[in-house]
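Coordinate inspection notes
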Amino acid sequence: MCGIVGYVGPGSTLDVLLGGLKRLEYRGYDSAGISVIDPDLGLQTRKRAGKLQVLVDYLNESPLEDAHIGIGHTRWATHGAPTDGNAHPHLGGDGLKLSLIHNGIIENFSELKAELLAQGVNFSSETDSEVAAHLVARAYDETKDLKAAFVSVVNRLHGAFTLLCIHEDYQDLILAARRNSPLVIGLGDNENFLGSDVAAFVEHTKRAVSVGQDQIVELRSDSVKISTFHGESVELDEFTVDWDATSASKGGWPSFMAKEIADQPQAVGDTLMGRLDSDGRVKLDEFAGLEKLSEVTRIIITACGTAAYAGEVAKYAIEKWAKIPVSVELAHEFRYRDPVIDENTLILAISQSGETMDTLMAIRYAKEQGAKVLSICNTQGATLARESDATIYTHAGPEVAVASTKAFTAQITAGLLVALSLGWLRKALPEAQLTDLGKELLKLPRQVKNVLESLDRMRNLGREYSHAKSVLFLGRNVGYPIAMEGALKLKELAYIHAEGFAAGELKHGPIALIEAGQPVIVVVPSPKGEDSLHPKVISNIQEIKARGAKVIAIAEAGDQLVAQFADEVFSIPASHPMMAAVLSVIPLQTFALELASAKGLDVDQPRNLAKSVTVE
Ligand code: F6R
C-alpha cells in the first residue's frame, strides 16, 4: 500500500517523480504529493487528495521549478481520511525544511505523538507518518547531522515502514529506511532512484539494488551507501531488471486490465520458457537452492486472494503428479494459528508483488519452525524472493491493473511446472506420462491465444448482465478455484455480490440462492477421461436450470451435452484438465471487465483497493 519514489540527479526531478508515481499508482490512489528542493526557494511541496491527476492539475495551477532532488508519494489511507492534509509528504522542523514520506504503519505512533504534543509540536494531519517527520526534524535541530537524526528516530519506530526523507540543508542527499515495507534502489549514471518497486524507475535504468530488512540508504547523485539500523555497512546486491519499460504502459488499450488480459499468451509462454524442453522434460534450475527436496513429506501453499486460488490449482496438480500431500492456507490465517510444521515441510509461497505482508509473515514463521521456502513471485528484488530459499519467477512483466489477471495465469503455469518437476524428482508417474504432461503444458500459450481470439460473445454477455445484482460461479476440481477467482474479479471490479462454489456443495446449501433469472457461470470439466466429473456438473446445471437460473457454461469445444442445458456456452480449446484452469479463467476475467466497464467503473483502480497489501 502506498507507492514511494525518490530521485537525485541532473535530470528532470518532476518528470521522474510524476512518471514514477504514475507507474506506482496501483499501490494506492487516494492522494498524492511531491517535495523537491529548489536551489533558490528551498523545500517546495505540493499534495492533493484524489488520484494522481488531481495533483498534476494542481501543479499546472501552482507550478514548481524543476529541481535535482525530490520525493513523491501515492497514498492508500490507513490513519486519517484521504484529505489534502493527510496526503504525504509531511513536513517538520523550524521553517518546515524537512520533508518525509512513509509507506507502512507506525504502530507506536500514539505514544510518540503524545510525547511530541507534550513538547508543543503542532500536527497538521491525522497520520501516523507525521510523527516521524517531526521526530527527525527535532533530532536534526539538536544534532545538525541529518543521518544521525534519521537513524536515531528509525530505531524508535515499531511496525512497518519505508521512509524517505530530504532536508533543505542537504541538496544532494535522500535518506531512506526500510523495515517490513518494500524499497528498491535504481542505479543511474550520475543519478540515482528509489522506489517501492522497480516499476518506479524502470523507464530510466534497469540496474537495481534491493534493500534488506532494517537497512538505511544514503542516496546521492554519485553514490549509494547502505547500512544497517545499527551502522554496519552492507554490500550492494545489484541485479538487472528484466521488465520492459513499455510493458508498464497501456499501449493503446482502453485499460491496463484489458491489456494485461491480452498479454496472457506471452505471460504464460515466458513463464514456461527455458524450463521445458520440446520433449516435454521439465527442468527447474531454481530447485538447486532447496536441499533435501526428495525428503519433503508435505507441502503447504500459502498466499492471499487471487494468488491463493492459483495455489489451489497447484495443489491438485502436485498431489496428482508428484503424490505429495498439499494444503493451501490463506497466509493471514496460517500465521496466527500455530500450524504444525517441521523440516520436512516445504512451504510454497505465491505472490505477484512479493511484498504482501501476510505472506511474508507466514514464510518468516515457517522458516523459524525449520521449513524450507520455495516461492513463486513476479517481481524481481521483492522481499519474498530475498527471504525464500528458492524462487521461481513468473515472467508476466509488470501488472499494473489492481485486479490480477496475467499474474494469475502465470502463477498457475509456474505451479504446474513445480508439480511436474516434483513428479520427475520423485518418479511419481511413469516417464512417458510425465513427458506427455510436459508436452500438454507447451501447448498452453497457443491455446490461451485461441481463447483470446474468441471472446466477443463473452464481452457482450458482460455488457448484457451489467444490471445484475448477483452472479454465482460453480466449478469442480480445478474449476472450483477458477469459479472463486471469477467471483473475486466481479466483486473487485463491479462491486456486486458474486460467489464461487464447489458445484458438489450446491445441494448442501447454496442452491437456496437460485431463483428465476439468477445468473450462474459454470466452469464445466472436459467430458473426456474415465474419471471426468462432467456428468456430475451437467446434473448440477440441470438442477439450477429447473429452479430458473440463467446458465452461462464455460466448456470444452465439442461438448454437445452442455449445449442442451445451458443458456449460453463459451467454448475453450480441448486441453489437459489441469491446463483448462488457465483457459477457463480468461472468459471470466473478460466478463468482469466488460460488466464493470458497462457500469462506467474504473477497472484499473477499483474503489478501496491497493494492489500490494504491504500492511497486515
Ligand atoms: C485480486 C488480487 C489480490 C492479490 C492478493 C495477493 O485481483 O490481485 O487478491 O492476488 O492481494 O497479492 P500478491 O500476489 O501480490 O501477494
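Residues numbered from 1 in each chain as written. Predicted model: local features only at pLDDT ≥ 70, side-chain atom pairs only at ≥ 80, totals over all residues. Heavy atoms only, no water.

1. Some points on the nonpolar core
Keep this limit in mind: Residues belong to a common nonpolar core when they are buried Ala, Val, Leu, Ile, Met, Phe, Trp, Tyr or Cys residues joined through side-chain atoms within 4.5 Å. Partly exposed describes any residue whose relative accessible area lies between the buried limit of under 20% and the exposed limit of over 50%, with all areas from a 1.4 Å probe on protein chains only and scaled to the type maximum. Numbering goes from the N terminus for both helices and strands, where a helix is a DSSP run of H or I of at least four residues and a strand is a run of E of at least two. Contacts are assigned to residue pairs that have any heavy atoms within 4.5 Å of one another.
By size, the foremost hydrophobic cluster in this structure holds 123 residues, and its most contacted members are Ile299, Ile318, Trp321, Leu490 and Phe591. Among the elements that line this core, the one with the most residues is helix α19 (residues 580–598), at 12 residues. Setting aside residues no more than four positions away along its own chain, Ile299 makes contact with Ile318, Ile324, Pro325, Val326, Ser327, Leu346, Leu348 and Leu422. One finds Phe109, Leu116, Ala132 and Ile216 within the second-largest nonpolar core, a separate group that totals 30 residues.

2. Thoughts on the environment of Val562
For Val562, the position within the fold is in helix α18 (residues 560–565). According to the relative accessible area criterion, Val562 is buried, its value standing at 1%. Remark: the alpha-carbon pair of Val562 and Leu146, spanning 416 residues in sequence, is separated by 70 Å. Excluding residues that lie within four positions of it along the chain, Val562 makes contacts with Val524, Ile538, Ile541, Ala553, Ala555 and Val569.

3. A word on the packing of helix α14 (residues 444–452) against α19
Test applied: Note on geometry: axes are C-alpha line fits, over the in-contact stretch for helices, and angles between N-to-C directions span 0 to 180 degrees. For classification purposes, angles smaller than 35 degrees are called roughly parallel, those larger than 145 roughly antiparallel, those between 65 and 115 roughly perpendicular, and all remaining angles oblique. Crossings are sorted by hand: turned counterclockwise from the far helix by less than a right angle, the near helix makes the crossing left-handed, and turned clockwise it makes it right-handed.
Contact geometry for α14 and α19: axes closest at 10 Å, N-to-C directions at 20°. In terms of orientation, α14 lies roughly parallel with respect to α19. In the crossing of α14 with α19, the sense of the turn from one axis to the other is right-handed. Along the contact surface, α14 presents Leu444, Gln447, Val448, Val451 and Leu452, while α19 presents Val582, Leu583, Ile586 and Pro587.

4. Let's talk about the packing of aromatic side chains
Put simply, the rule reads: Centre distance within 6.5 Å is the pairing criterion for rings of Phe, Tyr and Trp, where only the six-membered ring of Trp is used; planes under 30 degrees apart are then read as stacked, over 60 as edge-to-face, and the remainder as tilted. Either the NZ atom of lysine or the CZ atom of arginine qualifies as a charge over a ring when it sits within 6 Å of the ring centre and within 35 degrees of the ring normal.
Here the structure, examined in full by the defined rule, presents five aromatic pairs. For the pair Tyr140 and Tyr170, a centre-to-centre distance of 6.0 Å together with 65° between the ring planes defines the contact as edge-to-face. Of this pair, Tyr140 sits in helix α4 (residues 129–143) while Tyr170 is found in the loop between β7 (159–167) and β8 (174–179), placing the two residues 30 residues apart along the sequence. Since its relative accessible area comes to 22%, Tyr170 is described here as partly exposed. Look at Phe193 and Phe201: their rings are 6.0 Å apart centre to centre, the planes differ by 35°, and that puts the pair in the tilted class. Given a relative accessible area of 1%, Phe193 falls into the buried group. A connected cluster of aromatic rings, assembled from ring pairs, spans Tyr7, Phe193 and Phe201. Directly above the ring of Tyr58 sits Arg48, whose terminal nitrogen or CZ lies 3.6 Å from the centroid. The residue whose ring lies beneath Lys315 is Tyr316, and the NZ or CZ to ring-centre distance is 5.7 Å.

5. Focus on the site of the ligand
Applicable threshold: Here a residue is considered near a molecule or strand provided that any single heavy atom belonging to it is located within 4 Å of it. Here a polar contact is recorded for every N or O atom pair within 3.5 Å, except that within protein the pair must consist of a potential hydrogen donor and a potential acceptor, and residues adjacent in sequence are included only if both atoms are side-chain atoms. Areas reported as accessible are Shrake-Rupley estimates using a 1.4 Å probe. Residue values count occlusion only from the protein chains shown. Gly is put with the polar residues, along with every residue not named as nonpolar or charged; the nonpolar set is Ala, Val, Leu, Ile, Met, Phe, Trp, Tyr, Cys and Pro, and the charged set is Asp, Glu, Lys and Arg.
Lining the immediate environment of the ligand, one finds 13 residues, of which Ser351, Gln352, Ser353, Thr356 and Glu492 sit closest. Ser404 places a polar main-chain atom, nitrogen or oxygen, 2.9 Å from an oxygen atom of the ligand. Residue Lys489 places a side-chain N or O atom 2.9 Å away from an oxygen atom belonging to the ligand. Here the ligand, which alone exposes 410 Å², has 90% of that area covered by the protein. At the level of elements, α8 (305–322) and α16 (479–494) are the ones that each hand at least two residues to the shell around the ligand. Here the shell around the ligand is built from residues that sort into four nonpolar, seven polar and two charged.

6. Re the environment of Thr409
Positionally, Thr409 belongs in helix α12 (residues 406–426). Accessibility expressed as a relative area gives 0% for Thr409, which makes it buried. Separated by 177 residues in sequence, Thr409 and Ile586 have C-alpha atoms that sit 8.8 Å apart. Ignoring anything within four residues of it in the chain, the contact list for Thr409 reads Gln264, Val268, Val582, Val585 and Gln589. Engagement of the side chain of Thr409 in a polar contact is seen with the side chain of Gln264, the distance being 2.8 Å.

7. Some words on the domain arrangement of the protein
Just so we agree on the cut-off: As used throughout, domain bounds are those supplied by an automatic or database domain assignment. Summed over both partners, buried area is the accessible surface (1.4 Å probe) that two parts give up on being assembled.
When the domains of the protein are assigned, the result is domain 1 (3–247), domain 2 (250–442) and domain 3 (456–616). Put simply, the middle of domain 1 and the middle of domain 2, counted by C-alpha atoms, are 33 Å apart. Taking both sides of the interface into account, the surface hidden between domain 1 and domain 2 amounts to around 1,600 Å²; carbon and sulfur atoms contribute 53%. Here domain 1 and domain 2 share five residue pairs in polar contact (both at pLDDT 80 or more) between them. Of the residues in the side of domain 1 that touches domain 2, the class split is 10 nonpolar, six polar and four charged.

8. A word on helix α17 (residues 534–545)
To be explicit about the condition: How far a helix is expected to stretch is found by multiplying one less than its residue total by 1.5 Å.
The end-to-end C-alpha separation of α17 is 16 Å, in line with the 16 Å expected for 12 residues at 1.5 Å each. Looking only at α17, the buried set comprises His534, Val537, Ile538, Asn540, Ile541, Glu543 and Ile544. Of the surrounding secondary structure, the elements contacted by the buried residues of α17 are β21 (470–475), β23 (519–523), β24 (550–556) and α18.

9. So, the environment of Lys449
Here Lys449 is to be found in helix α14. Accessibility expressed as a relative area gives 36% for Lys449, which makes it partly exposed. Put simply, Lys449 and Thr405 are 44 residues apart on the chain and 14 Å apart in space, counted from C-alpha to C-alpha.

10. Thoughts on the state of the cysteines
Rule in force here: In plain terms, two cysteine sulfur atoms within 2.5 Å form what is called a disulfide here.
Evaluated as defined, the whole model comprises zero disulfides. With no disulfide of its own, Cys2 lies closest to Cys165 among cysteine sulfurs, the gap being 17 Å. For the unlinked cysteine Cys304, the closest cysteine sulfur is that of Cys377, found at 13 Å. The class for Cys304 is buried, based on a relative accessible area of 18%.

11. Examining a negative patch on the surface
We apply this condition: Excluding any residue in a salt bridge, patches collect residues exceeding 30% relative accessible area, merging like charges within 9 Å and nonpolar Val, Leu, Ile, Met, Phe, Trp and Tyr side chains within 5 Å. For salt bridges, the criterion is a side-chain nitrogen of Lys or Arg within 4 Å of an Asp or Glu carboxyl oxygen. None of His or the chain ends enter the tally, which takes Lys and Arg as positive and Asp and Glu as negative. Each charge is placed at NZ for Lys, CZ for Arg, CG for Asp and CD for Glu.
A cluster of acidic residues, Asp15, Asp40, Glu65 and Asp66, forms a negative patch at the surface. Topologically, Asp40 is positioned in the loop between β2 (31–38) and β3 (42–49). The class for Asp40 is exposed, based on a relative accessible area of 73%.

12. Here's the deal with the pairing of β21
Operational definition: Here, any two strands with at least 2 DSSP bridges between them count as paired. Whether a crossover is right-handed depends on one test, that the path from the first strand over the helix to the second runs clockwise when the strands point away from the viewer.
Extensive coverage of β21 is indicated by the burial of six of its six residues. Residues Ser470, Leu472 and Leu474 of β21 are buried on one face, and the alternating residues Val471, Phe473 and Gly475, pointing to the opposite face, are buried as well. Pairing of β21 with strand β22 (residues 497–502), which is carried by six bridges, proceeds in the parallel orientation. From the neighbouring strand, Leu474 faces β22, where its bridge partner is Phe501. For the crossover from β21 across α16 to β22, the handedness is right-handed. By the bridge criterion, four bridges tie β21 to β23 in an arrangement that is parallel. Pairing of Gly475 across the sheet is with Val523, part of β23.

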